[in-house]
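Below are the chains, spelled out letter by letter.
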Amino acid sequence: MNVKSIAIIFILFSATYLFSQENLYSSASIPENLKQNANAVVRHHEINVSVNSINNMDVSEKRIITVLNKEGNDNIDAYVHYDNNVKIKELEVRVFNQLGNEIKKIKKNDFKDVSAVDGGTLYSDSRVKYLEYTPISYPYTMEFIYSTNTTNTAFIEPFMPINSYFLSVQNSSYTINFSADTPIRTKEMNLGGIDVTKEELSNKISYAVKNVEAMKPEDFSPALVDMSPKVLFASKKFTLEGVSAQVENWNDFGKWVYKDLLQNTHDLSPQTVSFIQDLVKDEKNDIDKAKKIYQYVQDKSRYISVQVGIGGWKPFNASEVDRLSYGDCKALTNYTMCLLKVANIESNYTVLYAGENQRNIDHDFASMQGNHAILSIPTENDTLWLECTSQKAPFGFIGDFTDDRDVLVVTPEGGKIQRTKKYTTEENTQHVIGHYTISNAGDINVKVNVNSKGIQYDDKYMYETQTQRDLDTYYKNRWNYVNGITINNIQITNDKERIAFIEDINFVASNYSNKAGDRMLVTLNALNRQTQIPDRYRDRKFPLKIKRGFKDVDEVEITLPSDYKIEAMPNNVSIENKFGSYHVEIEKKGEHALVYKRQFIIKDGEFPKEDYEAFREFNIEVSKQDNAKVVLIKNQP
């Protein structure tokens, strides 16, 4: 081959290479399958991590993403956290129109720079630079580049190519370099079923995935984080806030957290120690003392938000929280633990993933995990869990924010994985006792008492602080299938001792019944109808997961209009299946009264995707039966 031929081939190769690169900025080059169900497409994403030493790490990221519509803006994620230990070396954005032409360039100084702390200055060095960009048209493409250097090597970003629904990925890669002095542990999760390649050398590990189609959310499915592909990374030796550690398991990890992150923050003043001792001196047992101290923290302090990944993992000193009366979850949990210690009550700082999806701390991979902290108090028969950021939650109640998940409990002897309280189906109850009268004109006058416990309490107890106007709106929405409601009286009681929310409501509604000549049709269930039907899917992708079960028990007496008598009544109903049960019994009580009894139970659990349609049909049948009507006919003269 002559020099001229080689030159031509080189030119053609270069042109092809440049063309392919430029194509990443043009929406026209997106493969058709990646557009399906997508609001945005990650064209190219590469993360490079270099653990240079136990206390030095470089991180760089380049992400090219095409946003197809307004909803896709949520996938831009153009922000970087920094503080005294994290320095931003490079930060820029380029924006391209749908043809791939550059229309805007944004430098580091053009990013918004704000405190990463909401409502206080406990972590004044914690900041975030973020992009505020309003597109002029869709689709458009954004290239986001940043690099940082940090002295903290405790937290290594995982490889998570898919972190959102309606997001497809053309190419995504992750490379971590490390020295012999900083060996890396890994854990792979959910990598089956995608196109993934892996390279592992003595000082480098790389992963790459391509052509991952967007996923659509489905009702009653596991959380996306539990299904999406990811690889966890952790260094066996690392530094956090200037403190070095060597960790192989959760026991080692817990010892390090307690000794180096918690212990030296326990610095209450003699005055505070004396105050707490005096506060609990008349209480008869440790539980009563703990309740008194928990109430004191709720009354004294307020919560400030520090975003995940910034603000340090080390709690602020207890003396500062005592002085300032505010803190984030770490600070308030640590502060409460210190106050309990004054009263000789054992309690343990606990790290977990908070949120209604019940995400677990990975029980066999010790690393910096979690986004929240709570407190655990071991008792003779059980463990009590305290949410120290809430000013309203009852003592020992955690609700769906932190229930039923694996967490890391930190003790002086080490760390251990425990499960937080599971609120069972039988605990998540709502009892309705009611009475309503139907007038000859078809109007109803209702008096109802509702008693809620467990997760059903959690759904309602914050309404204690609502205005009467807001409550009026809430109850009209709750019974939105009853037209023309006028709320006459609302009495609510938050019984924190029994952890029960009690509602006493009186309302009237005109034309509740349907009239047809001499007949009147009345839907018997006026107070607790099943109105939410799970969506239908022609090709269900995910398993069926019912996160929390519940039990509803209703008993309602109905006074019929004096000018009418019963012509036909619905039959009693009894349904039992793997998902729960539904029972309705209707009893006559004299000539002009009925007693409507209903029990509806949904069990928690995980089922194969093939069971979803049966679950949906069960809900449809319940909704149908909840709309069953009694037929009344007018008395003849």
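Located above this text is the structure these notes cover.
Residues numbered from 1 in each chain as written. Predicted model: local features only at pLDDT ≥ 70, side-chain atom pairs only at ≥ 80, totals over all residues. Heavy atoms only, no water.

Colleague: Which residues make up the sheet that holds strand 24 (residues 414-419), and what values do they have?
Modeller: Strand order across the open sheet formed by 5 strands is 22-21-20-23-24, with antiparallel pairing between neighbours. Each edge of the open sheet carries a strand with a single partner, namely strand 22 (383-386) and strand 24. Recorded for the sheet is a direction-independent mean angle of 35 degrees between the axes of neighbouring strands. Looking at chain direction, strand 23 (residues 406-411) and strand 24 are connected through 6 bridges and run antiparallel. If you follow Leu408 over to strand 24, its bridge partner there is Ile417. (Pairing = 2+ DSSP bridges. Helix = DSSP H or I, 4+ residues; strand = E, 2+ residues; numbered from the N terminus. Axes fitted to C-alpha atoms, helices over the stretch in contact; angles between N-to-C directions.)

Colleague: Describe in detail the pattern of salt bridges, supporting the description with residues and values.
Modeller: Per the counting criterion, the structure on display carries 41 salt bridges. For the salt bridge of Asp403 with Arg548, the shortest nitrogen-to-oxygen distance reads 2.8 Å. On the criterion of sequence distance, the pair formed by Asp403 in the loop between strand 22 and strand 23 and Arg548 in the loop between strand 31 (544-546) and strand 32 (550-559) is long-range, its members being 145 residues apart. Residues Lys422 and Asp604 are paired through a salt bridge, measuring 2.8 Å at the closest nitrogen-oxygen approach. Linking Lys422 in the loop between strand 24 and strand 25 (429-438) with Asp604 in the loop between strand 36 (593-602) and strand 37 (605-607), this pair joins segments that are 182 residues apart in sequence. The partly exposed category is assigned to Lys422, whose relative accessible area is 33%. Overall, Asp604 belongs to the partly exposed group, its relative accessible area being 26%. Connected through salt bridges with shared partners, the residues Asp404, Asp406, Arg419, Lys422 and Asp604 form a single ionic network. (Salt bridge = Lys/Arg side-chain N within 4 Å of Asp/Glu carboxyl O. Buried < 20%, exposed > 50% of the residue type's maximum accessible area, 1.4 Å probe, protein only.)

Colleague: How would you sum up the nonpolar core? Please name residues and give values.
Modeller: By size, the foremost hydrophobic cluster in this structure holds 61 residues, and its most contacted members are Phe253, Trp256, Tyr335 and Leu339. Of the residues forming this core, the biggest block, 9 residues, is contributed by helix 8 (residues 329-342). Not counting chain neighbours up to four residues away, the residues in contact with Tyr335 comprise Leu268, Tyr296, Val297, Lys300, Ala318, Val321 and Asp322. By size, the runner-up hydrophobic cluster in this structure holds 49 residues, among which are Phe507, Tyr537, Phe579 and Leu632. (Core = buried A, V, L, I, M, F, W, Y, C linked by side-chain atoms within 4.5 Å. Contact = heavy atoms within 4.5 Å.)

Colleague: Give a description of the side chain of Gln530 that names residues and reports values.
Modeller: With respect to the element layout, Gln530 can be found in the loop between strand 30 (519-523) and strand 31. Here Gln532 takes part through its backbone oxygen, which lies 3.2 Å from a polar atom of the side chain of Gln530. Polar contacts involving the side chain of Gln530 include one to the side chain of Asn619, which spans 2.7 Å. Setting aside residues no more than four positions away along its own chain, Gln530 makes contact with Arg598, Phe600, Asn619, Val622, Ser623 and Asp626. (Polar contact = N/O pair within 3.5 Å; in protein donor to acceptor, adjacent residues only side chain to side chain.)

Colleague: Explain the sheet that holds strand 8 (residues 127-130) residue by residue, including any values.
Modeller: In spatial order, the strands read 3-8-6; together these 3 strands make up an open sheet with antiparallel pairing. A single partner strand is all that each edge strand has here, and the edge strands are strand 3 (79-82) and strand 6 (112-115). Within this sheet the neighbouring strands show an average axis-to-axis angle of 20 degrees, counted without direction. By the bridge criterion, 4 bridges tie strand 6 to strand 8 in an arrangement that is antiparallel. When the sheet's bridge partners are listed, Ser115 is paired in strand 8 with Arg127.

From the geometry alone we can't say anything about function, so treat these as descriptive.
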